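Chain by chain, the residues:
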Amino acid sequence: MAKSTWLVSPPGPGGKWRASLYRGTLAVACVLTTGSLILQIGFAFPDAVHAGLIWVNFLVVCLFFILVIMETAQAIRTRRPIRYLIFELFLILFLIGEFVFLRSRYSGEPWRPGSSVILIQIYLLVLQAYFIWVLIRRGYEAGRRLFFLSFTPAATVSLSFILLILIGTALLMLPRATHGGLVPNISFLDALFTSTSAVCVTGLTVVDTATRFSQLGQIFIVLLIQLGGFGIMTFVGIFMFTFGQSSSLRGRLVMQDILVREGGQQVASFLRIMLLNTFLFELVGTAFLAVGFYSRWHAWPDAFFAAVFHSVSAFCNAGFSTFSNNLESFRDSPLIVLTVSSLIIAGGIGFTVQYELTMRVFHFVFGKRNSPLSLHTRVVLRVTAVLLAGGMLAVWWGGDWSRSTWLETLLASFFHSVSARTAGFNTIPLAWLAPWTIVILMILMFIGGAPGGTAGGIKVSTAGMLYYSTRSLLKGRPHIEIMGRTIGQQAVHTAFVVSGLATAFVALSAIALVYAEPEQDFLVLLFEVLSAFGTVGLSLGVTPELSPLGKMILILTMYVGRVGPLTLVLGLIKKKDEALYTYPSGTIVIG
C-alpha cells in the first residue's frame, strides 16, 4: 500500500464510497495494531486478556486480507502494475502456506488463531510492524500538509521536540517500563523529566535509570535519546527525500534552514552522510564498549546491551547510563574512557563539520582533490581544541587525585574536559574537584559544543565569534576578521543576541530555582541550571531532591537549552518584520 490509489476517490460508479471504505478499514487496522502492540509490550495482563488480544490480532489479519483484495481489485480496474503490491501479496501467500503447513502437521487438532507456533508469532510481528509503518507514513503525509510546511523552521523544530517529549512521557509511564508490576512505578512529573532529559540529550535524572527502569524502559530511553540527538526534524527530512517529496522548494528551504546548511542541492547528500556517520560511529563504539564491558562481566548479552546504550548515549551527548554510579567503576579502563570520549567529541562537533570531514576522507580514499575546509569547520575545530586542552588542565590542577593512579588521573582529566562541555558522563565523583574547578566546568557547560549537532549551550562558534570580535575591537579594526576572512555584521549581531538571550535565560532560571529551593546552596543550584541549559547532565547531587516546582524549572531549562533561546524566540514570530526604510544614524556612548 506504498502508493495506494485509494487516498482519492477512484473513477467510476461508487468510487467515493469505495475510497471511504478503504480508508476506514485501513484506519481501523492501524488503530487496532497500535493499541494491541502497546498493550502487549507495556502492560502485564492475566491469560484471559491475552486471549482477547489474540483475537484482536486475528481481526487485524482479516482486515489485512480485505485491504489487499481491495487494492488488487483497484489495481486491475485502473490497469495499475501489480508490482506495487508485491510485498502485501507475499505476506498473503506466506500466511496461506503457513496455514496449510499447520493444518497438515496438526490435522487432528482444530485450528485457532494464536496457536503457539513460532511462525505465526513472527508473522503477526511483521504484520504489526507493517501497519505501524503505514500509520507513520500516513501521519507524516497528513502532518506535512497541515503542520510541517505551515510554520517557520524555528517553530517546527520547537513543536517537534514538545511532541516527542510527550510521546516519551507516555511510554515511560507504561507499567512494564519500570519495575512496578501492574501499575507504573513512576510519577507523571518524573516521567516527564526523564523524557525531557532524554529527548534534549541532557542526562539529568530524578530517578535511578539503572534500578527504577526495566530493560524495556531503558530501551525507550535510548530510542528517545537517538531521536532527540539526531533531531526529529532530520527524520522528517529523511522521509521527504526517501518518499520523493524533496522537489518542493518550500520543503527544501525548510530542511536547509533546520539543518544549518547552505545550498539546497546538498541537503539530500547531507542527510545521507548524517545517517551513515551516526550509525557508523555508534556501531564502532558499540563494538569497542562491548569488549570493555565483557572483560568485567564475562556475559555477552549484558555487555552488548550496555554497549549499545552507552554508545548511543555518548554519540548523542546524552550522559545517560545504565549504571547507578555512571562510569565511575570504569575510570581505570582506557578502552572504555577513550571510546566514550571519542564518541562525545564526534557527536559534539556538529553534523556540518562531520559532513565536511567525511567528504574529505572520501575524496582522499578515491583520489579526488579536496577543497579547503570551510571557515565554520576551522573555527569549530580550533575552539574545541582550546576548550579541551584548557578544561583538561583545570581538572588535573584542581582535582584530588590521592586515590588515583597517574593513568586514572590522566584519563579522568581528559574525560571530564570532554564530558563537561555537553555530555554529562563522569568517571569520578565531582566532590573530588575544587570549587574553582567546578566554576571552570560551569563555563564549559555554558559554551557547549558546535551548532547543527547534539550539543547545547551557546555553541563554540558563538564563543569564537565573541572572542574574535573583541580582539578586533581592541585592535581598533572596523571589521571582524577570522583566519583571513571578514565576517558580516549579521553573524556578529546573531552571536551577541544568542549569548545575551542565553545569559538572561540562565539568570532567570537560576533566580527561579533559588526561589523554589531556598534551602539549597546557590552555587549548587547554578551548576544544575547550567548543566540543564547546556544539555550536559552533570550534577552535584541535588537533582533528585528538587521540589516539583524545581523539577519543572529544570524541564523548561533543558528544553530551551536543546532548542536554543534564539530558535525559540524566532519560533514565536510568524514572519519577519522587514522595514523598507532606515532612520538617520545616531551615536550612543558605550562603556
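Residues numbered from 1 in each chain as written. Predicted model: local features only at pLDDT ≥ 70, side-chain atom pairs only at ≥ 80, totals over all residues. Heavy atoms only, no water.

> Hey, could you run me through the overall build of the protein chain in this one?
Helix and strand counts for the protein chain come out as 22 helices and two strands. Evaluated residue by residue, the protein chain yields a buried proportion of 50% over its 591 residues. Partitioning the intrachain contacts of the protein chain with sequence separation of at least 6 by distance along the chain shows that 71% fall at a separation of at least 24. Of the roughly 28800 Å² of accessible surface on the protein chain, a fraction of 69% belongs to carbon and sulfur atoms. (Helix = DSSP H or I, 4+ residues; strand = E, 2+ residues; numbered from the N terminus. Buried < 20%, exposed > 50% of the residue type's maximum accessible area, 1.4 Å probe, protein only. Contact = heavy atoms within 4.5 Å. Areas by Shrake-Rupley, 256 points an atom, 1.4 Å probe, with all protein chains shown as cover.)

> For this particular structure, what's the right way to read a nonpolar patch on the surface?
Where nonpolar side chains cluster on the molecular surface, the patch consists of Leu276, Leu280, Val284, Phe288, Val291, Trp300, Leu335, Val361, Phe362, Phe364, Val365 and Phe366 and spans about 1200 Å² of accessible area. Of all the elements in the fold, those that place two or more residues in the nonpolar patch are helix H11 (267–297) and helix H14 (351–365). Inspection of the secondary structure puts Leu335 in helix H13 (residues 334–348). Residue classification places Leu335 among the partly exposed residues on the basis of a relative accessible area of 33%. (Patch = residues over 30% accessible without salt bridge, like charges linked within 9 Å, V, L, I, M, F, W, Y side chains within 5 Å. Salt bridge = Lys/Arg side-chain N within 4 Å of Asp/Glu carboxyl O.)

> Got a minute to help me understand the environment of Leu410 in this structure?
Relative to the elements of secondary structure, Leu410 occurs in helix H16 (residues 406–419). For Leu410 and Trp396, which are 14 residues apart along the polypeptide, the C-alpha to C-alpha distance reads 7.4 Å.

> Can you walk me through the side chain of Thr557 in this structure?
In this structure, Thr557 sits in helix H21 (residues 548–563). With relative accessibility at 0%, the residue Thr557 sits in the buried group. Separated by 2.7 Å, the side chain of Thr557 and the backbone oxygen of Ile553 make a polar contact. Here Thr557 is in contact with Phe505, Ser509, Val529, Ala532 and Phe533, once residues within four sequence places are set aside. (Polar contact = N/O pair within 3.5 Å; in protein donor to acceptor, adjacent residues only side chain to side chain.)

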